[in-house]
Amino acid sequence: MLIGLGIRDVVLIEALDLSIGPGLTALTGETGAGKSIILDALGLAVGARADAGLVRRGAQQAVATAIFALPPDHAVWAYLDEKGLSYARDEDLVLRRALSADGRSRAFVNDQATSVGVLKDLGALLLEVHGQHETVGLLDPRTHRPLLDAFGQLDTGSVASAWSAWRAARERAEALRDAASRSASEIEEITLRLAELDRLAPREGEEAALAEERALLGAAEKALTDIAAARDAMGGERTTSALAQAFRALQRAKDRAVQAGAAEDGAALSRLTAACDAVDRALVEAQEAAAAIDAAADSFDVQPDRLEKAEERLFALRAMARKLGVQVDDLPAARADFSSRLQAVENSEEALREAEAAEKAAKAAYQAAAQALIAERRAAGDRLAKAVEAELAPLKLDKARFRVAVEPLAEDRAGPSGMDRVAFEISTNPGAPFGPLEAIASGGELARFALALKATLAGRGGPQPLMIFDEVDQGVGGAVADAVGLRLKRLAADAQVLTVTHSPQVAARADAHWRISKAGDGDKVRTAVEVLTPAARQEEIARMLAGAEITEAARAAARALIGA
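Residues numbered from 1 in each chain as written. Predicted model: local features only at pLDDT ≥ 70, side-chain atom pairs only at ≥ 80, totals over all residues. Heavy atoms only, no water.

Caption draft 1: Structural context of the overall build of the chain. When helices and strands are counted, the chain shows 16 helices and 16 strands. Compactness check: the chain gives a C-alpha radius of gyration of 50 Å against a globular reference of 24 Å for 564 residues, more than 25% above the reference. Each principal axis of the C-alpha atoms in the chain carries an extent, and together these give about 180 × 60 × 40 Å. Sorting the 564 residues of the chain into buried and exposed places 40% on the buried side. Within the chain, counting contacts between residues at least 6 apart in sequence, those at least 24 apart form 70% of the total. Charge centroids of the chain, computed over 68 positive and 85 negative side chains, lie 6 Å from each other. (Helix = DSSP H or I, 4+ residues; strand = E, 2+ residues; numbered from the N terminus. Rg over C-alpha atoms; globule rule 2.2 N^0.38 Å. Buried < 20%, exposed > 50% of the residue type's maximum accessible area, 1.4 Å probe, protein only. Contact = heavy atoms within 4.5 Å. Lys, Arg positive; Asp, Glu negative; His and termini not counted. Charge placed at Lys NZ, Arg CZ, Asp CG, Glu CD.)

Below, the structure written as structure tokens:
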């Protein structure tokens, strides 16, 4: 609901702030007073086309601000999400547009800069305009199908669900068909790579294990070389043999000294004994050292080609990983992937047959649901046509005929809303062909026809947008004007309605009444808006009835209209 309209420097309005309530609000005043300026300002705020002529003479820019209070489930919030604009569902929506004297515009939503196109999209969600020169909403055939569904209270959920199921089945079948077309060229490559991986048989963590083994084996070979050098430096058996010969020689010398009568505690025998002991110890140590060197060599139990084989394995794994563009540790997973892909190719024919059967069944289910919905829409269209035509005669459209055209669409144009096109068509004269609303009806006829249709749809389809009827009663009076007022009042029971009117019968039905007037002269002429009290409202309706001189009879007639 529109709750506020702020206008700054628009044509003849210097500064004006209006509060708008629910129900029917009537705008009246002398011709040229500026009633259309109010609507132009509102159009400026919601993205309507505008030029520099709207800027008040002498001002740098015109600014219009529209404030809306909307329910939490209104479609506007989803649109703002799509555009990345911030908002709070429990706060008002503020649309603002500034138009400079050079024709440039700036647009804002909740004080966030945006485009005029965004304001226009929001305006399409928030209001409809029906008038002598403009009708926005009903002229768009895209709105006709949801309006018909709302009138007929048709459940379109089953069609939407069937459409989603068909689309999912179709996408799966298309994916499998695409895979099948690629499989012929890919199967040879997959088979070759899988064979190579099968021969290689990579294991998880193998690269790290081989790298560690390679490092150890390299170190072992160098250690064995050093041990062999130590063994050579020790002299091997030559050293122990020489020590043994030295020991035996010293032992013979000792024996001869004893035989010669050398004293046991004499210096010669003592020194020979010490020499023998030393050489004997050296012989034992040499034997132990040789045994230790041999034991150290034996601890490096390495096969002669073990390092070469480890390096060949490691290099083969790394070469395969480079070929496949993966890490060595990912080779087992790549092997499993190639295997599953090959299995999928081998099973694809069966899977494709199943998917195509599911697609066919889903398509048939959708078409059955869509055809049933077409029948329901045609029946609802007949009921809507009768209801609308019942509204036409009181609005001086008794010669007009209305119908709802429901035509099937080609399969490639089907969608979640069905496979039909819905269009409202009218014929304004007997024998004239039916045609689109905008091509057949004049401005006044179209505005009254929109009123008839809206009156028929009143209370159907959830929250209604703000509806603006601009001089919908132009050229009619008496009973027809009263019929217009009654229908506007009926609409306002469930929606907010603004109407610019010259008809006292219409104004008398309003919940709120604004009088638009113009004062001043020359460059100081200004448009003013007065929210009328009950007494002032009676006087204004009397003026509309009587003209320049208000009579008591006119006042009495005004009271009768207001009380009717």
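Here the narrative resumes.
Caption draft 2: Focus on the sheet that holds strand β12 (residues 435-436). Strand order in the open sheet made by the 3 strands is β10-β11-β12, with antiparallel pairing throughout. Edge positions in the sheet fall to β10 (401-408) and β12, since each has one partner strand and no second. The sheet contact formed by β10 and strand β11 (residues 420-427) spans 8 bridges and is antiparallel. If you follow Glu 407 over to β11, its bridge partner there is Arg 421. Docked against the sheet, helix α4 (residues 144-152) engages β10 and β11, running at close to 90° with respect to β11. (Pairing = 2+ DSSP bridges. Axes fitted to C-alpha atoms, helices over the stretch in contact; angles between N-to-C directions.)

Caption draft 3: Representation of the packing of aromatic side chains in the model. All told, the structure shown has 6 aromatic pairs when counted by the stated rule. With 5.6 Å between their ring centres and 65° between their planes, Phe 402 and Phe 424 make a pair best called edge-to-face. Taken as a pair, Phe 402 in strand β10 and Phe 424 in strand β11 lie far apart in primary sequence, 22 residues in all. As far as burial versus exposure is concerned, Phe 402 and Phe 424 are alike and both buried. Each member of the aromatic cluster is reached from another via a ring pair, and the members are Trp 163, Trp 166 and Tyr 366. Above the plane of the ring of Trp 166 lies Arg 170, whose end atom (NZ or CZ) is 4.8 Å from the centre. (Phe/Tyr/Trp six-rings, centres within 6.5 Å; stacked < 30°, edge-to-face > 60°. Lys NZ or Arg CZ within 6 Å of the ring centre and 35° of its normal.)

Caption draft 4: Molecular detail of the pairing of strand β14 (residues 497-500). Residues Val 497 and Thr 499 line one face of β14 and the alternating positions Leu 498 and Val 500 line the opposite face, and both faces are buried. Pairing geometry for strand β3 (residues 24-28) and β14, over 4 bridges, is parallel. For Leu 24, the partnering residue across the bridge sits in β14 and is Val 497. With 4 bridges connecting them, strand β13 (residues 466-470) and β14 associate as parallel partners.

Caption draft 5: View of helix α3 (residues 116-126). By the burial criterion, the buried members of α3 are Val 118, Leu 119, Leu 122, Gly 123 and Leu 126. With its buried residues spanning 140° around the axis, α3 presents them on a single face. What points out from α3, more than 90 degrees from its buried face, is the exposed set Lys 120 and Ala 124. (Arc of directions from axis to C-beta.)

Caption draft 6: Layout of the side chain of Thr 28. Tracing the backbone shows Thr 28 in strand β3. Exposure remark for Thr 28: the relative accessible area of 0% places this residue in the buried category. Polar contacts involving the side chain of Thr 28 include one to the side chain of Glu 540, which spans 3.0 Å. In contact with Thr 28, other than residues within four places in its own chain, are Lys 35, Thr 501, Ala 507, His 513, Trp 514, Arg 515, Ile 516, Glu 540 and Met 544. (Polar contact = N/O pair within 3.5 Å; in protein donor to acceptor, adjacent residues only side chain to side chain.)

Caption draft 7: Here's a closer look at unusual backbone geometry. Positive phi is not limited to glycine here, since Asp 9 has a value of about 55°. Counting through the fold element by element, Asp 9 comes out in strand β1 (residues 2-10). A relative accessible area of 17% means that Asp 9 is categorised as buried. In this model, Gln 153 sits at a positive phi of 50°, which is unusual for a non-glycine residue. Take Gln 153: it is sitting in the loop between α4 and α5 (157-200).

Caption draft 8: Fine view of the pattern of salt bridges. Applying the stated criterion across every chain yields a total of 28 salt bridges. For the salt bridge of Glu 128 with Lys 454, the shortest nitrogen-to-oxygen distance reads 2.9 Å. Placement of Glu 128 in strand β8 (residues 127-131) and of Lys 454 in helix α12 (residues 443-457) is noted, with a sequence separation of 326 residues between them. Using a relative accessible area of 12% as the deciding quantity, one classes Glu 128 as buried. Here Glu 196 and Arg 193 are joined by a salt bridge, their closest N and O atoms 3.0 Å apart. Taken as a pair, Glu 196 and Arg 193 lie in helix α5 at a separation of 3 residues, close to a single helical turn. For the pair shown, Glu 196 and Arg 193 are each scored as buried. (Salt bridge = Lys/Arg side-chain N within 4 Å of Asp/Glu carboxyl O.)

Caption draft 9: Up close: the environment of Thr 31. Within the secondary structure, Thr 31 sits in the loop between β3 and α1 (35-45). A sequence separation of 423 residues divides Thr 31 from Lys 454, and the C-alpha atoms of the two residues are 27 Å apart.

Caption draft 10: Examining the environment of Ala 246 more closely. Along the chain, Ala 246 falls in helix α7 (residues 237-259). Judged by relative accessible area, which is 31%, Ala 246 ranks as partly exposed.

Caption draft 11: Representation of the sheet that holds strand β7 (residues 112-114). The 6 strands lie next to each other as β2-β1-β4-β5-β6-β7, forming an open sheet whose pairing is antiparallel. At either margin of the open sheet sits one strand with a lone partner, and together these are β2 (13-19) and β7. On average, each strand axis in the sheet is inclined to that of its neighbour by 15°, with strand direction left out of account. Pairing of strand β6 (residues 105-109) with β7 involves 3 bridges; the strand directions are antiparallel. Paired with Val 109 across the strands is Gln 112, a residue of β7.

Caption draft 12: Broad picture of the packing of helix α15 (residues 534-546) against helix α16 (residues 552-563). Contact geometry for α15 and α16: axes closest at 8 Å, N-to-C directions at 115°. The two elements α15 and α16 meet at a crossing, and its hand is right-handed. Only Ala 554, Arg 555, Ala 557, Ala 558, Arg 559, Leu 561 and Ile 562 of α16 make contact with α15, whose side of the interface consists of Arg 537, Gln 538, Glu 539, Ile 541, Ala 542, Leu 545 and Ala 546. Split into classes, the residues belonging to the contact of α15 with α16 amount to 9 nonpolar, 1 polar and 4 charged. (Left-handed = near helix turned anticlockwise from the far one by under 90°. Nonpolar A, V, L, I, M, F, W, Y, C, P; charged D, E, K, R; others polar.)

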